[in-house]
Amino acid sequence: MPVPWFLLSLALGRSPIVLSLERLVGPQDATHCSPGLSCHLWDSDILCLPGDIVPAPGPVLAPTHLQTELVLRCRKETYCDLCVRVAVHLAVHGHWEEPEDEEKFGGAADPGVEEPRNASLQAQVVLSFQAYPTTRCVLLEVQVPAALVQFGQSVGSVVYDCFEAALGSEVRIWSYTQPRYEKELNLTQQLPALPWLNVSADGDNVHLVLNVSEEQHFGLSLYWNQVQGPPKPRWHKNLTGPQIITLNHTDLVPCLCIQVWPLEPDSVRTNICPFREDPHAHQNLWRAARLRLLTLQSWLLDAPCSLPAEAALCWQAPGGDPCQPLVPPLSWENVTVDKVLEFPLLKGHPNLCVQVNSWEKLQLQECLWADSLGPLKDDVLLLETRGPQDNRSLCALEPSGCTSLPSKASTRAARLGEYLLQDLQSGQCLQLWDDDLGALWACSMDKYIHKRWALLWLACLLFAAALSLILLLKKDHAKGWLRLLKQDVRSGAAARGRAALLLYSADDSGFERLVGALASALCQLPLRVAVDLWSRREMSAQGLVAWFHAQRRQTLQEGGVVVLLFSPGAVALCSEWLQDGVSAPGAHGPHDSFRASLSCVLPDFLQGQAPGRYVGACFDRLLHPDSVPALFRTVPVFSLPSQLPDFLGALQQPRAPRPRRLQERAEQVSRALEPALDSYFHPPGTPAPGRGVGPGAGDGT
């Protein structure tokens, strides 16, 4: 890989202290050693297998010191290769063992034993060289005459010419003997790089200034360097110098590297990773990291670069309390980017979340099962611990710790401990995990909360009855009291939130997860959302059409709104119904409520009763609002997330919040939707279109 001399001189300085090697016809390696030693280089490279350390049988030659020197291997007068010359210094280690007879009786040993002590020493010295993407191992045979064999003394060195390397690369060199008697020596060296790159910041943008001479044609590639596996290319283009490449500061991650080379045959490619130690790049890396649920038990961490991390499950209770790690009984697991990991779960639960730590600091937390199983539930997690002789103990996980059951403490779980134990014994709790050492159970608290509210409502009714009696006795003040009571009822209805029924076409499992994420985000607002994803058991018991009719009737009677979430599959179904009035059987999944709902949705639109009771929506980049059939565009159709404020305003009518509050809620929903949108439009393992860096991102030449 010849390099023009002016490039080498630019990297090494005006007067580089470099020795010119002998001009060879071909790329031949050579070796020579100190006076008195003899050495030989094997004709071909060997496998890099150090092997285990074995005891030395006596005095042996061992590498004691590595020394490198940059040299040039020139094939033409002005075209050379940068080479690393390696000198291995050797010494005699070990000693002869004294014969047993001489130790016992103090007599002279057999004269035949003296011969090995006067013999020469031989060794096979291995040099291992690594400079991405090259790895080589060569074998040097060295022989030391008996006259130079002195225990613990250096006998000289053997020099190898040479390992070729690219400018700016990092080289690693190891040396050991075969067989290996001692720990191998190692040396790391950074070769000089061309001063062609300068990084500067301008607001949210970062400029890469390439100081390449005018009319110099070169190739430029940006890639993510990986510790394991091949690099991930991000951008590649052929350019003419000089150039300024503009990047967004969010695109900078520690493994973002730059490769440049002249557009000439067999040219050397120079690599540099300027953001490896940048703290902002490390922050961007964690912002770009995503947890993706693959199946009930399997998931992976998707990130641009490799990073040290460990993960564990935690239990997130509603109300904003910190997520409580389930360690023990579960344990922390080491995480490898883009490698599928598994948790030993029997069932999923929306309150189960994954925490990812790096250097004992929480970096990432996501409740992976919430999108498919609905929002957080007010359940209690019971931890069962099993000891010897079938001893069992139970405790309820709470923000203050794990409360033993039964208990006389003043916590909520302690007060309901007897009922929780009854639910567990009767099989009403959901088992999430089971092992020889214990188990995890999720027990619902809904019925106990409903009982408490029932008592409260009964007390309110008694109070209202007493108040009515008093008002009858004071008719003059009756109207004022009734007006206040009416205002209280209205404010209570507003606090409960407006009902919303979400209808969609189940085009695929990815779109279902996206719908689940939208429904979960809307539940965080003053909205009561109904969607078939969360009511599969009720739908199976009532029947699909009956369930939809009941939900639609209840939603509209309460002054709610029906949301038609359009997708390519939904548009195709609508067009099919408008043309034929029927839908092809089996064309969609068994739980496709959108297909079943068209028979009663269409009359509302044909009779002009849809405005005010229906709204439409679709996702950016998936469907344009103009693609929705004209009949359904008689109601507002919003594109999400770009029109989220208007969409939320339509859902919360007639008591829509103020514009500032509405904008805050739109940003909250947008943040909740972002991971699901990224997962849907950019599946794991594929570069995200539009997220490339540099001009013309994603285009290769």
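Residues numbered from 1 in each chain as written. Predicted model: local features only at pLDDT ≥ 70, side-chain atom pairs only at ≥ 80, totals over all residues. Heavy atoms only, no water.

Per an unreviewed UniProt entry, the chain is named Interleukin-17 receptor C, and its organism is Piliocolobus tephrosceles. Check the Subcellular location (unreviewed entry) section of the UniProt entry for the chain; it says "Cell membrane". (UniProt positions renumbered as here; feature names shortened; annotations may be inferred.)

Colleague: Mind showing me how you'd approach the sheet that holds strand S4 (residues 38-41) here?
Modeller: Strand pairing in a sheet is mediated by backbone hydrogen bonds. Such pairs are either parallel or antiparallel. Strands sit in the order S4-S8-S7-S10-S11 across an open sheet of five strands; the sheet is antiparallel. Since the sheet does not close on itself, it has two edges, and those belong to S4 and strand S11 (185-190), each with one partner. The average undirected angle you get between the axes of adjacent strands in this sheet is 20°. (Pairing = 2+ DSSP bridges. Helix = DSSP H or I, 4+ residues; strand = E, 2+ residues; numbered from the N terminus. Axes fitted to C-alpha atoms, helices over the stretch in contact; angles between N-to-C directions.)

Colleague: In this structure, what is going on with the nonpolar core? I would like to understand it.
Modeller: As a rule of thumb, nonpolar side chains are buried together in soluble globular proteins. The biggest cluster of nonpolar side chains holds 54 residues, and the ones touching the most others in it are Leu 220, Trp 299, Leu 301 and Val 354. Excluding anything up to four places from it in sequence, Val 354 contacts Leu 291, Trp 299, Ala 311, Ala 312, Leu 313, Phe 343, Leu 364, Gln 365, Glu 366, Leu 368 and Trp 369. (Core = buried A, V, L, I, M, F, W, Y, C linked by side-chain atoms within 4.5 Å. Buried < 20%, exposed > 50% of the residue type's maximum accessible area, 1.4 Å probe, protein only. Contact = heavy atoms within 4.5 Å.)

Colleague: Got a minute to help me understand unusual backbone geometry in this structure?
Modeller: Backbone geometry follows two general trends: most residues other than glycine have a negative phi, and most peptide bonds adopt the trans configuration. The omega angle of the peptide bond from Asp 161 to Cys 162 is -15°, so this bond is cis rather than trans. Looking at where Cys 162 falls in the secondary structure, it is placed in strand S9 (residues 154-164). In this model, Leu 640 is joined to Pro 641 through a cis peptide bond whose omega is 5°. Secondary-structure assignment places Pro 641 in the loop between strand S36 (637-640) and helix H15 (644-651). If you check the backbone angles, Asp 338 has positive phi at about 65° while not being a glycine. Inspection of the secondary structure assignment puts Asp 338 in the loop between strand S23 (333-335) and strand S24 (341-342). In this structure Asp 338 comes out as partly exposed when scored by relative accessible area, which is 33%. Its identity as a non-glycine residue notwithstanding, Trp 359 has a phi of 55°, on the positive side. Positionally, Trp 359 belongs in the loop between strand S25 (352-358) and strand S26 (361-366).

Colleague: Any chance you could explain helix H16 (residues 659-681) here in plain terms?
Modeller: Owing to its 3.6 residues per turn, the α-helix aligns residues three or four sequence positions apart on the same side. The axis of H16 is deflected most strongly, by about 35°, at Leu 673, and proline Pro 675 appears within four residues downstream. Turning to H16, its buried residues number three or more, namely Leu 662, Arg 665, Ala 666, Val 669, Leu 673, Ala 676, Leu 677, Asp 678 and Phe 681. Check the buried side of H16 and you find it contacts strand S19 (290-293), helix H10 (509-523), strand S35 (614-619) and H15. (Bend = angle between axes of the 7 residues up to and from the residue.)

Colleague: Whenever I open this one, the confidence of the model for the chain confuses me. Can you help?
Modeller: A low pLDDT means the predicted coordinates there should not be read in detail. Mean pLDDT for the chain: 78, with 81% of residues reaching 70 or above. Mean pLDDT per element in the chain: strand S2 (residues 19-20) is the minimum at 38, and S35 is the maximum at 93. Counted against residues more than four places away or in other chains, residues 1-7, with its pLDDT under 50, gives 24 contacts. The low-confidence segment residues 101-115, where pLDDT is below 50, has six contacts with residues more than four positions distant or belonging to other chains. (pLDDT = per-residue confidence, 0-100.)

Colleague: Is there a simple way to explain H10 in this structure?
Modeller: Over its 15 residues, H10 runs 21 Å from end to end, which matches the ideal 21 Å to within 8%, given 1.5 Å per residue. The element H10 is extensively covered by neighbouring structure, given that 11 of its 15 residues are classed as buried. Every buried residue of H10 is listed here: Gly 510, Phe 511, Leu 514, Val 515, Gly 516, Ala 517, Leu 518, Ala 519, Ser 520, Ala 521 and Leu 522. Capping of H10 at its N-terminal end is provided by Asp 508; its side-chain oxygen lies 3.1 Å from the backbone amide nitrogen of Gly 510. (Expected span 1.5 Å × (residues − 1). Polar contact = N/O pair within 3.5 Å; in protein donor to acceptor, adjacent residues only side chain to side chain.)

Colleague: Which parts of the structure should I look at to understand the packing of H15 against H16?
Modeller: The description of two helices packed together rests on the angle between their axes and the distance between the axes. The contact between H15 and H16 brings their axes to 9 Å, and the two run at 110°. Classed by the angle they form, the pair H15 and H16 counts as roughly perpendicular. Crossing hand, H15 versus H16: right-handed. Along the contact surface, H15 presents Leu 644, Pro 645, Leu 648 and Gly 649, while H16 presents Leu 662, Gln 663, Arg 665, Ala 666, Val 669 and Ser 670. The residue inventory of the contact of H15 with H16, partitioned by class, reads six nonpolar, three polar and one charged. (Parallel < 35°, antiparallel > 145°, perpendicular 65-115°, else oblique. Left-handed = near helix turned anticlockwise from the far one by under 90°. Nonpolar A, V, L, I, M, F, W, Y, C, P; charged D, E, K, R; others polar.)

Colleague: Please clarify how the packing of H10 against H16 should be interpreted in this entry.
Modeller: At their nearest, the axes of H10 and H16 sit 9 Å apart, and the two run at 175° to each other. Considered as vectors, H10 and H16 are oriented roughly antiparallel to each other. Across the interface between the two elements, Gly 510, Phe 511, Leu 514, Ala 517, Leu 518 and Ala 521 from H10 touch Val 669, Ala 672, Leu 673, Ala 676, Leu 677 and Tyr 680 from H16. Its residues assigned to classes, the contact of H10 with H16 shows 11 nonpolar, one polar and no charged.

Colleague: When you look at the sheet that holds strand S29 (residues 401-405) in this model, what are you seeing that I'm missing?
Modeller: The strand order across the open sheet formed by five strands is S29-S28-S27-S31-S30, and the pairing between neighbours is antiparallel. In the strand order of this sheet, the two ends are held by S29 and strand S30 (430-434), each with one partner. Along the sheet, successive strands turn relative to each other by an average axial angle of 30°, direction set aside.

Colleague: Would you mind going over the state of the cysteines with me for this structure?
Modeller: Structurally, a disulfide amounts to a covalent bond that connects the sulfur atoms of two cysteines. Going through the model one piece at a time under the given rule, you end up with eight disulfides. The residue that forms a disulfide with Cys 257 is Cys 273, at a sulfur-sulfur distance of 1.9 Å. Taking the torsion about the sulfur-sulfur bond, which here is approximately 100°, the covalent link between Cys 257 and Cys 273 counts as right-handed. Here Cys 273 lies in the loop between strand S18 (270-272) and helix H4 (279-288) and Cys 257 lies in strand S17 (residues 256-262), a separation of 16 residues in the sequence. Of the two residues, Cys 257 and Cys 273, neither departs from the other in class, the shared state being buried. Covalent S-S linkage joins Cys 395 and Cys 402, the inter-sulfur distance amounting to 2.0 Å. Disulfide Cys 395-Cys 402: torsion about the S-S bond near 75°, hence right-handed. For Cys 402, a relative accessible area of 35% puts it in the partly exposed group. (Disulfide = S-S within 2.5 Å.)

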